[in-house]
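# Architecture at a glance
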Amino acid sequence: MAYNLNLKTLFSLLLIGIIGGCVGVGLTLLMHFLQHLTFNAPLDTIMPFRVIVEDASPFRRVLALLICGLIGGVGWFCIHRYGKPLVDIKTAVQNKDKNLPFLTTFFHSLLQIITVAMGSPLGREVAPREMTAAFANKWINFCHFSEEERKILLACASGAGLAAVYNVPLAAMIFILETLLLSWSITSIIAAFICCSTAVFVMRLGLGDLVQYPLEHLKFNNVLIIWAMVAGPIIGIIVWLFDKSVQRLPKLPKSKPIMILISTLAFGIIGILSIKYPEILGNGKAANQLTFTSEINLNYAIGLFISKWGAVLFAMVAGAYGGRITPSMMLGGALGFVTACFWNMMFPIIPLSSAAIIAAAVFLGIAQKMPLTSAIFMLELSRYSPAYFYPICLCFATAMPTYYIVQNQIMKPSL
């Protein structure tokens, strides 16, 4: 991009960053309130969501998911039937003729947070991204920015929402460049830095310097390097299988009333799965806390992995919306934990928690097509040692070629 930032654009970046921070604070507080209310946890006590769902009775979990499915089914039916067509952020950034419809996007974002708080297994990060972008789009149209300015501001708004909700300014900045703008120009970098750092500053004023996964000092040994290279192809194949399972889901008519019943039944099944594995509820953070700290055994990790995979598919069949970042991390973390357990049965011991974190970053990077973002994202989420970048890179080095080889050799002939 040859475009240079001017004072109006710089002011707009600051304003959008402030909006992103406020949206992040507001949606986070709303989500925590609804989590406590849904699963009957004390409203005056700060509790991790994992503890909240584990303490809730199995009947309460199933009932909560049935209500979640009903609310989501009615909500998304109304959005698809009566609202303007939804536009995803990447399409809006790349296509000047695709504006984000404000009211539809606002309520769509709100519904995502409500359902995730009530136990939907999808992620919460898309909601603040979309809501921030919707407000930014209003400002962009009001100020009549050029096409290049519009792209930068809209992409940065999306990144600001991500930065605020997860307290990850650098990862969000790379996310903007790697996935939305597809540009590493000085202009793009400066704009992303300004918007994301402003959003996180505002968020920290409201919520403090939150660390999503506060971990003790992780163990690291040279055998972990070898495991990372061996595990890479396994992760690549599993990501491909997960993609295929999503692609094979039936295309249901989202604007028809039958979706309300389908949504309620699908989320009811997720509630039944949560009787044995309550940590599958929510975006995946609850299960990550178990694998990242090695608080579970091999059998439970396998059950979590299979149940979360199924829960995500059922939520998508139900017509639910939400992010894929934390669910991808959860699947990767559980997969890394399981493969490390089997490795330790035959080879020199590696730390299970370290393997889970490496696999979570790699699974996320391949699944969401953002390897650079995912590596930085894991560092900022947990504040663990940058030394782990090396095994993460080695794991990517074998996982990504495997994924694309399998995709090209198996997927294309079937077309």
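Above this text you will find the structure in question.
First things first, this report covers the structure right here in the doc. Note that the structure is predicted; figures quoted are calculated from it, not measured. (Residues numbered from 1 in each chain as written. Predicted model: local features only at pLDDT ≥ 70, side-chain atom pairs only at ≥ 80, totals over all residues. Heavy atoms only, no water.)

Within the protein chain, the regular secondary structure consists of 17 helices and zero strands. By its C-alpha atoms, the protein chain is 65 × 55 × 45 Å across when sized along the principal axes. Total accessible area on the protein chain stands at roughly 16,800 Å², and carbon and sulfur atoms take up 69% of it. Averaged over its 28 positive side-chain charges, the protein chain has a centre that lies 9 Å from the centre of its 17 negative ones. (Helix = DSSP H or I, 4+ residues; strand = E, 2+ residues; numbered from the N terminus. Areas by Shrake-Rupley, 256 points an atom, 1.4 Å probe, with all protein chains shown as cover. Lys, Arg positive; Asp, Glu negative; His and termini not counted. Charge placed at Lys NZ, Arg CZ, Asp CG, Glu CD.)

We now examine the pattern of salt bridges. In this structure the tally under the stated criterion is four salt bridges. Taking the shortest distance from any N to any O, the salt bridge between Arg-50 and Glu-54 comes out at 3.7 Å. One end of the pair is Arg-50 and the other is Glu-54, both in helix 2 (residues 49–55) and four residues apart, which spans about a single turn. Between Arg-383 and Asp-209 there is a salt bridge whose closest N-O contact spans 2.8 Å. Separated by 174 residues along the polypeptide, Arg-383 in the loop between helix 16 (371–382) and helix 17 (389–411) and Asp-209 in the loop between helix 9 (186–207) and helix 10 (222–247) bring together distant segments of the chain. Look at the salt bridges and you will find they share partners, linking Arg-204, Asp-209 and Arg-383 into a network. (Salt bridge = Lys/Arg side-chain N within 4 Å of Asp/Glu carboxyl O.)

Let's shift gears to helix 9. Along its 22 residues, helix 9 runs 31 Å from first to last C-alpha, staying within 8% of the 32 Å computed at 1.5 Å per residue. Check the buried side of helix 9 and you find it contacts helix 1 (7–38), helix 7 (147–166) and helix 8 (169–181). Among the residues trailing helix 9, Gly-208 stands out with phi positive, at a value near 90°. (Expected span 1.5 Å × (residues − 1). Contact = heavy atoms within 4.5 Å.)

Moving on to the nonpolar core. Counting 131 residues, the largest nonpolar core has Trp-227, Leu-304, Met-329 and Phe-377 as its most contacted members. Beyond its immediate sequence surroundings of up to four residues, Phe-377 is in contact with Tyr-166, Val-168, Ala-171, Ile-325, Met-329 and Leu-364. Core analysis: the next-biggest nonpolar cluster, separate from the first, contains nine residues, Leu-27, Met-31, Val-116 and Ala-127 among them. (Core = buried A, V, L, I, M, F, W, Y, C linked by side-chain atoms within 4.5 Å. Buried < 20%, exposed > 50% of the residue type's maximum accessible area, 1.4 Å probe, protein only.)

In this section: the environment of Leu-265. Position of Leu-265 among the secondary structure elements: in helix 11 (residues 258–276). The spatial distance from the C-alpha of Leu-265 to the C-alpha of Leu-335 is 28 Å, given a sequence separation of 70 residues.

Below, the discussion takes up the packing of aromatic side chains. This structure, assessed with the given rule, holds 17 aromatic pairs. For the pair Phe-102 and Phe-106, a centre-to-centre distance of 6.1 Å together with 25° between the ring planes defines the contact as stacked. Taken together, the residues span about one helical turn, with Phe-102 and Phe-106 both in helix 5 (residues 102–117) at a distance of four residues. Of the residues examined, Phe-106 reaches a relative accessible area of 23% and is grouped as partly exposed. Pairing Trp-343 with Phe-347 gives two aromatic rings, centres 4.6 Å apart and planes at 40°, and the pair type is tilted. Take Trp-343: its relative accessible area is 11%, and that puts it in the buried class. According to the relative accessible area criterion, Phe-347 is partly exposed, its value standing at 42%. Connected via pairs of aromatic rings, a cluster forms that spans Phe-102, Phe-106, Phe-107 and Phe-135. Over the ring of Phe-145 we find Lys-8; its NZ or CZ atom is 4.5 Å from the centre of that ring. (Phe/Tyr/Trp six-rings, centres within 6.5 Å; stacked < 30°, edge-to-face > 60°. Lys NZ or Arg CZ within 6 Å of the ring centre and 35° of its normal.)

The probe, sized like a water molecule, is rolled over the atoms to show the empty space still left. By volume, the largest pocket amounts to about 1,300 Å³. Looking at the lining of the largest pocket residue by residue, the class counts come to 22 nonpolar, ten polar and eleven charged. Along the walls of the second largest pocket sit 36 residues, with His-32, Ile-46, Met-47, Pro-48 and Lys-285 positioned nearest its centre. Going through the elements one at a time, helix 1, helix 2, helix 7, helix 9 and helix 12 (285–291) are the ones with two or more residues in the lining of the second largest pocket. (1 Å grid on protein atoms, 1.4 Å probe; cavity = no way out; pocket = protein on both sides within 12 Å on 5 of 7 lines; lining within 4 Å. Points joined across faces, edges and corners; volume = space filled by probe spheres on them. Nonpolar A, V, L, I, M, F, W, Y, C, P; charged D, E, K, R; others polar.)

Positionally, Arg-61 belongs in helix 3 (residues 58–82). Despite its burial, Arg-61 pairs with no opposite charge, the nearest such side chain being Asp-55 at 7.6 Å. Here the side chain of Arg-61 touches Ile-275 through a polar contact of 3.2 Å, landing on its backbone oxygen. Not counting the four nearest positions on each side in its chain, Arg-61 is found in contact with Phe-39, Val-53, Glu-54, Ala-56, Gly-271, Ser-274, Ile-275, Pro-278 and Leu-281. (Polar contact = N/O pair within 3.5 Å; in protein donor to acceptor, adjacent residues only side chain to side chain.)

For the rest of this paragraph, the subject is unusual backbone geometry. Even without being a glycine, His-144 presents a positive backbone phi close to 55°. The class for His-144 is exposed, based on a relative accessible area of 67%. For Leu-182, which is not glycine, the phi dihedral falls at a positive 55°. With respect to the element layout, Leu-182 can be found in the loop between helix 8 and helix 9.

Glancing now at the environment of Ile-238. Locating Ile-238 in the fold gives a position in helix 10. Its relative accessible area of 17% is what places Ile-238 among the buried residues. A C-alpha to C-alpha distance of 9.9 Å links Ile-238 and Ala-399, two positions 161 residues apart in sequence. Dropping the residues within four chain positions of it, Ile-238 is found in contact with Phe-305, Trp-309, Leu-335 and Phe-363.

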